[in-house]
Every structure is written in C-alpha cells, then in structure tokens.
Amino acid sequence: MGQPPKYQHAIVIGASIAGLCAARVLSDHYDRVTVYERDTLPAEPAHRGAVPQDRHVHILMARGAHEFETLYPGLLDDMVAAGVAKLESRPDCIHFGAAGHVLGTGHTLDREFTAYVPSRKQLEWQIRRRTAALAGVEILQRDVNAPRFDGEHQTVTGVVLSAPGTNEFVPADLVVDASGRGTRLPAWLDEWGFARPHEQTVDVGIGYSTQQLRIPDGLIAEKVVVAGASRTQQAGLGMLFYEDGTWGLTTFTVNHVAPPQTLDEIYEVADAVLPEPLAAAIRQGEPVGDIAFHRYPVSRWRRYDKLQRFPGGIVPIGDAVASFNPTYGQGMTMTALQAGHLRRLLAAGTRHLAYDLARATAKSTYPVWTMNAIGDLTLHGTEGPAPWWYRPVGALFDQFLGAAENDRVLAEWFLRRFSLLDSLYMVPPASIVGRAIRHNMSLWWAQKRASAPVPGPDPVLGR
Ligand SMILES: Cc1cc2nc3c(=O)[nH]c(=O)nc-3n(C[C@H](O)[C@H](O)[C@H](O)COP(=O)(O)OP(=O)(O)OC[C@H]3O[C@@H](n4cnc5c(N)ncnc54)[C@H](O)[C@@H]3O)c2cc1C
C-alpha cells in the first residue's frame, strides 16, 4: 500500500480544543491548513471571551492526557515544567465523591495511574502554540460566515469569511467544523437540501458558579477534589490546584436548581458535600477575581452517523457533534478521541471520510453518553424519557459505588473507568460485580448483627 495522497488546503472553523487538534492531524495530510477563529487569541495562557466555559474547572481525564500527548509529543512534560500538577499512582491526591459516595482511594494503586491537572487556559494555550508552530498551519483571527456549497457536485468547496462589505471566498479541499456546540451545520445542511441530524438530548439543567481562590499552603493535601451531585443533594463541586498556585473552585447545580450566587452560598455547598477539613480550608481561601457563572441547559448528541446523505468536503468534530454533561469532565477527552479517529482514517486513506468519522465517533460516544444519561436520569433526578433498563442499571451502579467506599479494588476499578482509561464502557466484569455484592452483603450482615437486641441473662441458668 502506498502513502495516502497529500491534499492542498484544509480549513478549520474554530481554534479551540477541537479545531486545534483537527489542524494538528490535518497538517500531516494537507500542504496548508488554515484555522479561522473569530475570537482574539491571547499570546499567553488567558481566558477567552468566546469560550466562557474556560473560567470553570476543566478536569483533564487520564485518558485525555494520553490522547493529547499522542497528538503533541512532549506536551505533558511542558505542562509539568509550567507548574501543572502531575499525580502518579497517588490517589491520596484526589478526593473523589460520586452520587453521594466517597471513594476509598487513600492508598497506593495497584496499577499505574497518572493524571495531570492543567487549567483549561493553560492546556488550550499549550496546544495552540504547538499547532501554530507546525509547518503549513496558519491560525487567523477571522469570522467564518458559512461554508460554500456546490450543488452540482454536492460538495463544500471552501468558506466565505465575514467581513464588512465583502464576501471573501477561500477555497479548500476539506472544511472541518470545530465551531462548538453552537454550530450552524444543521441549518446549513437544511439549506443545501440535506436532512438535519437527529439530536439526542438530556435536559440536565446545570448551573455553574466558580470562584478562584488562594488557599494557604498545607491546608489541603489533595490536588483534585470532586464531589458529584446525588439524588438527595442536587449540588456538587469540583476543585483543582492550578499551575499558578491558585485553586479553581466550581460549584454546580443540576436539574434546573439555581446555582450559588454569592461566596457564602458557594461555602454552603462546600459544607454540604465535603468533609469538614476541606470545607474549612476553602473558607480560609482568599478570593481571586469575581465569581463566574455559566448555564448549561442540555447535553446534546447530533447523530451525523444516522444520516443517509451527507455533502462531501466537510466534517464536524468536537462539541459540534457531541456536547457532554460538563460535570462529568469528559468533553476535551472525547474531543481528543475524535481527533484520533480523524488521524487513523486519514492515514488509512479513507474515501468516505465524513461517514467513517461519524461512525467511529458514534462508537466512542455511545458508552460514555449512555452512562452519563443513566447517571443524570436515575441518580441526579433529571426528568426525561429513559429506556426501562436505565433504572436497574442506575441502582446497581449506586450499589457498586457504595461498595467502592471501603474496597480499594473496586475504587481503583471505578477510578480507571471514570478516567476513560481501560475502556469507555463502565460495565464491570463478573469478578468485580461479585466482589461488590460480597462486600455489600458482609456490610449488611455486620449492621444486622450490630442492631440485634443484646440477650438478657438465661432464666434457667441465671447467666
Ligand atoms: C461549563 C463547562 C465546563 C466544562 N468542563 C469540562 C471538563 O471539566 N472537562 C472536559 O474535558 N471538558 C469540559 N467541558 C467541555 C469542553 O469545554 C469542550 O468539550 C471543549 O472545549 C471542546 O470544545 P470545542 O473545541 O469543540 O468547542 P468550543 O470550545 O466551544 O470552541 C469553539 C470555537 O469555535 C470558534 N468559532 C465558532 N464559530 C466560529 C466562526 N463562525 N468563525 C470562526 N470561529 C468560530 C469559537 O470562537 C470557539 O473558539 C466543559 C464545558 C462547559 C460548557
């Protein structure tokens, strides 16, 4: 098999995580790659107006770190050199609560587990500077008005840039839509005579309130603190120790509950979901800047994989395809996986890029999307239609997390799966299910014995 052909020009709409990863992959196959971003791109790690979520805690899953490193060799070492915390088989660096259970991870893990804790602005900046340095790649500050569609050949031929008074057309062999969850691709498809993709949604109704804090040294041993929402507690919290020595503290609410509006209300969430020493340490923190807010109404998966017809010359990637409940911290990792699919398909010289990419993306999205939906609909009280089997699976999952509170093997299994490391499927093997059942049974017996009435003196023997 010879080398796949090299094409001339690819255009990427959007220079956030998805657009940058796509440009990285395309640079191996196209002479020129132009990334158009309408936002101002800072020269240093800094927040961006067009990506308001970057003010809130962004967890980088262990799997995501691995995928980004594959795309950008040396990235993780560079981040560590910039001060990013690296957690190596040291789960005592993580306080992890999920669905009301705190995992018993205060021990050394049996298998290697490495996680990195960059701020979102640090990660994006590191990726951006590496992408911009690639031969043939240009990142330009321009707003894309729309792709241009050639009806005769049923293909996209480039993009039209928004500019006052002009309609500048830039031709390309391929356009990648990495414009995020607000993409207009479904509307463009409609305009060009194609069906819109069916949208799967979960009405999660999430509200975010984030305060950056400077907490005196020595008060918190962990570098990552996570306490998810539960059936009885519709608020949760994520807290990361950043490379500049500050903490990002995000509190969130689910199911359309109003998020905290003041620092006192943020403290109240911390008091409710964290052990006392952690909550007390937060209260000793000095606020840096103002509270940032964000609303995330629905998780959305656009099923491009189900379309019968699709134009040539364009593919969507990243949040433009699937936008996951952000409280589970998976979006960037799932985006990096999509970039991996694009890379493999281009290297294999596929002739049906849009179709093959949509299929590969659906395959990696399905298990993660489904597990999230089960968590939302059965453990967080989100309303919405759910297949009959979600409830029993949710109940089993709750049982499993209960057992993982005191069983390090179960806790490690969960941590690795939650980090999307071993598999994207959260389906435990029989040995792990058996262990969880045995654990919960012995707990149940111990509780039963402890609550049994203490027998009095034997009436016959008198003792
Ligand atoms: C509140 C919140 C918290 C999150 N937390 C996490 C987390 O903990 N962990 C995690 O992994 N993920 C998290 N995510 C998800 C993560 O932010 C995204 O998955 C990630 O940014 C990938 O998105 P993207 O690059 O596809 O799109 P986006 O990040 O939305 O970027 C789209 C880019 O396209 C540009 N653009 C749009 N239209 C045009 C146009 N016409 N012309 C030029 N440029 C254009 C925009 O300016 C923007 O820069 C969170 C998301 C939210 C909302």
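Numbering of residues starts from 1 in every chain and runs along the sequence as written. Reporting in this predicted model follows two pLDDT cut-offs: at least 70 for local features of residues, and 80 or more for side-chain atom pairs to be given and counted; totals over whole chains, interfaces and linings ignore these cut-offs and use all residues. Calculated side-chain values reflect all of the structure's heavy atoms, with hydrogen atoms and water omitted.

As annotated in an unreviewed UniProt entry, the protein carries the name Oxidoreductase and is attributed to Mycolicibacterium pallens.

Asks: What should I look at first to understand the site of the ligand in this one?
Replies: The nearness test applies per residue and asks whether one of its heavy atoms lies within 4 Å of the molecule or strand. Lining the immediate surroundings of the ligand are 34 residues, of which Ser16, Glu37, Ile59, Arg120 and Met332 lie closest. Residue Ala18 places a main-chain N or O atom 2.9 Å away from an oxygen atom belonging to the ligand. Residue Met332 places a main-chain N or O atom 2.7 Å away from an oxygen atom belonging to the ligand. Only the protein chains shown count as cover for residues, and the accessible areas themselves come from Shrake-Rupley with a 1.4 Å probe. If the ligand stood free it would expose 1,000 Å²; the protein chains cover 95% of that surface. Think of a 1 Å grid over the protein atoms and nothing else: a 1.4 Å probe that fits but is trapped marks a cavity, an open set flanked by protein within 12 Å on at least five of seven lines marks a pocket, and residues with an atom within 4 Å of a point count as lining. The rule for placing a molecule in a cavity or pocket is simple: more than half of its atoms must lie within 2 Å of the grid points. With respect to the pocket detection grid, the ligand is positioned in the largest pocket. Each helix corresponds to a stretch of at least 4 residues labelled H or I by DSSP, and each strand to a stretch of at least 2 residues labelled E; elements are numbered beginning at the N terminus. Those elements that provide at least two residues to the shell around the ligand are helix H1 (17-26), strand E2 (30-37), strand E8 (143-150), strand E17 (286-296) and helix H8 (331-347). If you tally residues by element for the shell around the ligand, the top one is H8, at 4 residues. Contacts described as polar in this section are N or O atom pairs within 3.5 Å, which, within protein, must combine one atom able to donate a hydrogen with one able to accept it, while residues neighboring in sequence count only if both atoms come from side chains.

Asks: Would you take a moment to explain helix H11 (residues 408-418) for this structure?
Replies: Structural remark: α-helix, 3.6 residues per turn; residues separated by three or four positions point the same way. Throughout this description, buried means an accessible area under 20% of the type-specific maximum (1.4 Å probe, protein chains only), exposed means over 50%, and partly exposed covers the range between. A large share of H11 lies buried, amounting to 9 of its 11 residues. Within H11 the residues assigned to the buried category are Leu410, Ala411, Glu412, Trp413, Phe414, Leu415, Arg416, Arg417 and Phe418. By definition in these notes, contact holds between two residues if any of their heavy atoms fall within 4.5 Å. In the core, the buried residues of H11 are packed alongside strand E4 (94-98), helix H10 (390-404) and helix H12 (430-451). Capping the start of H11 is the job of one residue whose side-chain oxygen sits 2.9 Å from the backbone nitrogen of Val409: Asp407. One or two positions beyond H11, positive phi appears at Leu420, with a value near 60 degrees.

Asks: Honestly, the sheet that holds strand E15 (residues 235-241) in this entry has me stumped. Any pointers?
Replies: Hydrogen bonds between backbone atoms are what pair the strands of a sheet, whose relative direction is either parallel or antiparallel. Strands qualify as paired when DSSP identifies two bridges or more between them. Spatial strand order, E5-E4-E14-E15-E16-E13-E17: 7 strands in an open sheet with mixed pairing. The open sheet terminates on both sides in strands that have one partner only, identified here as strand E5 (101-102) and E17. Both strand E14 (residues 224-227) and E15 contribute to a ladder of 4 bridges, which runs antiparallel. Each bridged residue has a counterpart across the sheet, and for Val224 the counterpart in E15 is Leu240. Where helices are involved, their axes are fitted lines through C-alpha atoms of the stretch in contact, as for all axes, and angles between N-to-C directions lie from 0 to 180°. The strands touched by helix H6 (residues 263-273) are strand E13 (206-214), E14, E15, strand E16 (247-253) and E17; relative to E15, the strand with the most contacts, the crossing angle is about 95 degrees.

Asks: Help me understand the pairing of E8, please; the structure alone is not making it clear to me.
Replies: Looking down a regular strand, the side chains alternate between one sheet face and the other. Two elements, E8 and strand E9 (residues 155-163), share 7 bridges in a ladder whose sense is antiparallel. Bridging from a neighbouring strand, Val144 pairs with Leu161 of E9. In this structure, the hairpin formed by E8 and E9 is closed by a connection of 4 residues, where Gln154 is found at a positive phi of approximately 55 degrees.

Asks: Can you help me understand the nonpolar core in this one?
Replies: Within soluble globular proteins, side chains that are nonpolar generally end up buried alongside one another. Residues belong to one nonpolar core when they are buried, are Ala, Val, Leu, Ile, Met, Phe, Trp, Tyr or Cys, and are joined through side-chain atoms within 4.5 Å. Ranked by internal contacts, the top residues of the largest apolar core, which has 78 residues, are Leu87, Phe96, Val159, Val175, Trp192 and Phe414. Non-local contacts of Val175, meaning those with residues more than four positions away in its chain, are made with Ile11, Ile13, Val156, Gly158, Val159, Gly313, Ile314 and Val315. Residues Val33, Val35, Leu75 and Leu76 belong to the second largest nonpolar core, which totals 41 residues.

Asks: I tried to follow the pattern of salt bridges on my own but got confused; where do I start?
Replies: Oppositely charged side chains are able to pair whenever their charged atoms sit close together. Between Lys or Arg on one side and Asp or Glu on the other, a salt bridge is scored when a side-chain nitrogen of the former is within 4 Å of a carboxyl oxygen of the latter. This structure, assessed with the given rule, holds 20 salt bridges. Ionic pairing is found between Arg48 and Glu124, a salt bridge with its closest N-O pair at 2.7 Å. Here Arg48, found in the loop between E2 and helix H2 (62-71), pairs with Glu124, found in helix H4 (residues 120-132); they are 76 residues apart in sequence, far enough to count as distant. Considered together, Arg48 and Glu124 belong to a single accessibility category, that of buried residues. As a salt-bridge pair, Arg130 and Asp78 come within 2.7 Å of each other at their nearest N and O atoms. Pair noted here: Arg130 is in helix H4 and Asp78 is in helix H3 (residues 75-81), with a separation of 52 residues, a long-range link. Residue class for Asp78 comes out partly exposed when judged on its relative accessible area of 29%. Through salt bridges that share partners, Glu37, Asp39, Arg48, Arg120, Glu124 and Arg128 make up one connected network.

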